[in-house]
Amino acid sequence: MSAVYEVYEQDYQENIGNAETAIAILGPATTLDGPTRKKLAELDEFLDACRDALRLMGNDSAGNPDLKARITGYKKDVQRYASEATKHRSRLNRAALVDGGNKGDIEMTDQKTRLAQQTGRMDQQSAKIEEALSIAAATEHTGTDTLRNLRLQGEQMRGTTEALDDTNREAPVAQIPRGAPEDPEGAGPVAQEPAPQEQPEAAPNHSALSQASLELLTFYLDDGVTGGELDSIARWLCEFERRAAAVGLSLNRGKCRLAIAPGAEVPAGLDGIETCSLDEIEHLGVPCGSPEKIRAFVERVAQGAERKLRVIASLPDAHVALTLTKFCAGFVGVVHLMRATGPVFDYAGIDRVTQSCLATITGIETDDASWTQASLPVRMGGLGLHSCADVSGIAHIAAALDGGPHLPALVAPALLPHLTWQQDDTVQASLVDPRLATYESVLEKIQDVMQARAEYEGRGQKAWSSALATEKRKNLLESLTEELGHSGQLQGQALTRAQDRIRARIQSGSGKHASAWLYGNPEADTAMWLSPAELAVAVRLRLGLPIAAAPGECRLCGHGATDVNGSHAQTCFGSGRRTRLHNALRDIVADFARRGLLGPSIERAVFANARRKRPDISYVRDGTTVLLDVAVTYPLQLSQPHYAARAAAEPGGAAAAYAVAVKERVYNAIIANEPDPREWKAVPLVVDTFGAWCPGAITELRHIARANALREDRTVSAACQDLFHRLSFSIARGVARIVIASGGARPDEADPP
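Attention here is on the structure that accompanies the text. (Residues numbered from 1 in each chain as written. Predicted model: local features only at pLDDT ≥ 70, side-chain atom pairs only at ≥ 80, totals over all residues. Heavy atoms only, no water.)

Examining the environment of Val537
Stated precisely, the cut-off is as follows: We count a stretch as a helix when DSSP gives it H or I for four or more residues in a row; a strand needs E for two or more, and each element gets its number in order from the N terminus. Exposure is judged per residue with a 1.4 Å probe applied to protein chains only, and the accessible area is read against the type maximum: over 50% gives exposed, under 20% gives buried, and values in between give partly exposed.
Tracing the chain through its elements places Val537 in helix 19 (residues 532-543). Assessed through its relative accessible area of 0%, Val537 is described here as buried. Distance in space between the C-alpha atoms of Val537 and Ile740 is 7.9 Å, their sequence separation being 203 residues.

What about the pattern of salt bridges?
Just so we agree on the cut-off: Here, a salt bridge means any Lys or Arg side-chain nitrogen found within 4 Å of an Asp or Glu carboxyl oxygen.
Enumeration according to the criterion identifies 33 salt bridges in this entry. Linking Asp48 and Arg51 is a salt bridge whose minimum nitrogen-to-oxygen distance equals 2.9 Å. Here Asp48 pairs with Arg51, and both are found in helix 2 (residues 34-59), just three residues apart, close to one helical turn. Overall, the relative accessible area of 33% leaves Arg51 in the partly exposed class. A salt bridge links Asp622 to Arg621, with the nearest nitrogen and oxygen atoms 3.8 Å apart. Judged by its relative accessible area of 17%, Arg621 is buried. Salt bridges here are not isolated pairs; linked through shared partners, they connect Asp591, Arg594, Arg595, Glu712, Arg714, Asp722 and Arg726.

Structural notes on the packing of helix 18 (residues 492-509) against helix 22 (residues 641-649)
Rules: Helix axes are fitted only over the stretch in contact, all axes being lines through C-alpha atoms; the angle between N-to-C directions runs from 0 to 180 degrees. By definition in this entry, angles of less than 35 degrees are roughly parallel, angles greater than 145 are roughly antiparallel, angles of 65 to 115 are roughly perpendicular, and the rest are oblique. With the far helix as reference, a near helix turned anticlockwise by less than a right angle produces a left-handed crossing, and one turned clockwise produces a right-handed crossing. Contacts are assigned to residue pairs that have any heavy atoms within 4.5 Å of one another.
It is at 7 Å that the axes of helix 18 and helix 22 come closest, and there the two elements cross at 50°. Judged by the inter-axis angle, helix 18 sits oblique to helix 22. Handedness of the helix 18/helix 22 crossing: left-handed. Between helix 18, through Arg497, Asp500, Arg501, Arg503, Ala504, Gln507 and Ser508, and helix 22, the contact on the second element is made entirely by Pro641, Ala644, Ala645, Ala647, Ala648 and Ala649.

Considerations on the nonpolar core
As a reminder, the rule being used: Each nonpolar core is a collection of buried residues, namely Ala, Val, Leu, Ile, Met, Phe, Trp, Tyr and Cys, held together in the definition by side-chain atoms within 4.5 Å.
Counting residues in each nonpolar core, the largest one holds 62 residues, and the members touching the most others are Leu628, Leu685, Trp693, Leu701 and Ile704. With 12 residues, the single largest contributor to this core is helix 25 (residues 716-741). Those residues within four positions of Trp693 in sequence are excluded, and the remaining contacts are Lys512, Gly652, Ala655, Leu685, Val686, Val687, Ile698, Leu701, Phe724, Leu727 and Ile731. Membership of the second largest hydrophobic core comes to 44 residues, among which are Ala318, Cys388, Leu543 and Leu545.

What to know about the sheet that holds strand 11 (residues 624-633)
To keep things clear, this is the line we draw: Any two strands are treated as partners once DSSP identifies two or more bridges connecting them.
Strands sit in the order 9-10-11-12 across an open sheet of four strands; the sheet is mixed. Two strands lie at the open edges of the sheet, namely strand 9 (601-602) and strand 12 (680-688), each paired on one side alone. Where strand 10 (residues 617-621) and strand 11 come together, five bridges link them in antiparallel fashion. For Ile617, the partnering residue across the bridge sits in strand 11 and is Leu628.

Thoughts on the packing of aromatic side chains
Keep this limit in mind: Aromatic rings from Phe, Tyr and Trp, with only the six-membered ring used for Trp, were paired whenever their centres fell within 6.5 Å, and each pair was classed as stacked if the ring planes differed by under 30 degrees, edge-to-face if by over 60, and tilted otherwise. To sit over a ring, a charge needs its Lys NZ or Arg CZ within 6 Å of the ring centre and within 35 degrees of the ring normal.
For the structure on display, the rule yields nine aromatic pairs. A ring pair is formed by Tyr643 and Tyr658, whose centres lie 6.3 Å apart and whose planes are at 70°; its orientation type is edge-to-face. Note that Tyr643 is positioned in helix 22 and Tyr658 in helix 23 (residues 653-672), a separation of 15 residues in sequence. Chaining the aromatic ring pairs together yields one cluster made of Phe219, Trp236 and Phe240. Over the ring of Tyr81 we find Arg80; its NZ or CZ atom is 4.7 Å from the centre of that ring. The aromatic ring of Phe573 is capped on one face by Arg578, whose charged end is 4.7 Å from the ring centroid.

Let's talk about the packing of helix 21 (residues 577-595) against helix 25
Contact geometry of helix 21 with helix 25 gives a least axis separation of 9 Å together with a crossing angle of 170°. By the angle between their directions, the pair helix 21 and helix 25 is classed as roughly antiparallel. For the pair formed by helix 21 and helix 25, the contact residues are Arg577, Arg578, Leu581, Leu585, Ile588, Val589, Phe592 and Arg595 on the first element and Ala719, Asp722, Leu723, Arg726, Leu727, Ser730, Ile731, Gly734, Val735, Arg737, Ile738 and Ala741 on the second.

Looking at the pairing of strand 12
Burial analysis of strand 12 places seven of its nine residues in the buried class, the great majority of the element. Bridging between strand 11 and strand 12 involves nine bridges; their strand directions are parallel. When the sheet's bridge partners are listed, Thr625 is paired in strand 12 with Trp680.

Let's talk about helix 13 (residues 388-403)
Going by this rule: For a helix, the expected span equals 1.5 Å multiplied by the number of residues minus one. Here a polar contact means two N or O atoms within 3.5 Å. Within protein one must be a hydrogen donor candidate and the other an acceptor candidate, and residues neighboring in sequence count only if both atoms are side-chain atoms.
The terminal C-alpha atoms of helix 13 lie 21 Å apart, and with 16 residues this matches the ideal 22 Å at 1.5 Å per residue to within 8%. Between the side-chain oxygen at the start of helix 13 and the backbone nitrogen of Asp390 there is a gap of 3.3 Å, and the oxygen is on Ser387.

Here's the deal with the state of the cysteines
As a reminder, the rule being used: In plain terms, two cysteine sulfur atoms within 2.5 Å form what is called a disulfide here.
Tallying each qualifying case throughout the model produces zero disulfides. This cysteine, Cys557, is not joined by any disulfide, and Cys554 carries the nearest cysteine sulfur, 3.7 Å off. Given the relative accessible area of 22%, Cys557 is considered partly exposed.

Regarding the side chain of Ser392
Within the element layout of this structure, Ser392 appears in helix 13. Polar side-chain contacts of Ser392 include one of 3.5 Å to the backbone oxygen of Ala389. Sequence-distant contacts of Ser392, that is, excluding residues within four places in its chain, are made with Met338, Gly342, Pro343, Tyr347 and Asp433.

Geometric descriptors of this kind do not, in isolation, establish any biological role.
In structure tokens form, the structure reads like this:
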């Protein structure tokens, strides 16, 4: 069991304990007020943090069956708490609906209450009439007119009662207005479908909504679609409008479209609606026509996505442009289409434009290897610029499996046998997509599900995309190290060390919180963005690209030679810039500790027997004096090859090796000479220049963030995000400025004077 695994497991235990506490608090809650909503949100954060920790624990438990079994038990606990959270959320949402807490354009709760009261009164009157009928029928002196009138009143009363009951049902239109209750996952108002109920064909007084023999009926919020015979659609639409009017709503026929076959005659009930061909059907931004029309539609959307990418790339702020490229353009702009249409279109064009935009934003022309790394998730050492071409097939297959269970509620039973994924040409095309075939382990996972050899657990796109990225990262590391060996320039121990440095660079970039600098900090009160020159250097270092055209003299120390990879600059102590970086990290940690009321002292003499040794930060927590010593190390330095070997084995390995070899050795020796060594705890805050922290530093920094969260009334996860982003940003900016100041950066990447 590695030290990194222990950190992740400790993180899991902490968050699962918080989730258990939140569940206990939510148990007696009866109203969906502000504190309850906040507690539900915190519970979601705790469970998400547990899932992240389990994922990282799984990555670190390869080949250890005992750890895998333990992780499986943890996953079951998370699923159990998630199920309880859903039940509490649903219960509280129902309570809010009954209490009239969710009010929008229509007071649905009051409407239902009035209808229920009126129905109850009708039931009582109907029962009295039935009783009168039975008595009158048993009395031979009762006149024929009296019996006929009583029967007529009874039939009218029963018809009125059934109509009121039918209006009181939760028809789709009932939850279309704004202000509808939120769904259990907090996604906003949802149009819920009633469960289909079988009725006798000749049942009297039954709603036209149920009598209409529709083949398709589905709503998402206020967007609905129906399918079937034109006469059936006309009857359904007229009844729909009548129901809507009863609750104060109206249908805008001018915004509706009717897709019909050529030459079909439109019934009178569908007048005022624009008609179109079946090839022109679009719903929720997805084309539903012929393959040719779908391909043309997707091509237009792709062209729009490419234009958006080029506009973003032209922004003057490079760091903001990179952030917008990841979150607002490229992959995220077409993922909905990929899920709906599959690989009917070659999305590689969007990938090429994204690569071109990265070059425009950072001034970096990426080769195949660096672009492959850039397309990896941030947590795997990439830039998070996901490849559309790689994921399009996976997205469509997952969408088909995710949507399958919902089909019985949306389409007529007779159509279900024709709508299986086995008969879907686009799903079959996705399964034989050449790009997917290059990732054998991912394709095997998908085929196991499709052939019923494994159970589908949902969220397939996320799970399979993660597996694809893992295999892509593995292939990248193998190709880079093999290419180095085939070059013949290095052999033996020199080759091994060079390969370790390649692995260490990518591993360090995938360390926990190492990449927080990439895409902004929503918790920051001030802007934290790198300048164009700083961003270019930081991205080059992350992707392993040269930062200089040729070696030169170091302008920091005056006697060293800079190299094209910036190695000398990151180990040079000239001009005091490394000291400035150290002090910046120290001050951020001390500020958070001060705001958490930990009472930190900076560089104060605390030892009785070693007055000259002053830790960077000291404070008392739980009766123990905690001593923090900040250090930044370069994991790829040639003079310390064991650092690269440790970093290649696990993220933060170089920082952990430095912490043990330098900091802990010194402080443990000093503490051992103090009167009571048990009152002291030394924690090295060591981080490498790629942002990967040693495990002990992550644990202590989270303690500081937790104290800060309690004092500043925010969640622990928000405080952690804020603290680690500030530290990550300071590291990225500090290292980039050192490289630029040393003369190692390219001339065209220097900031203007």
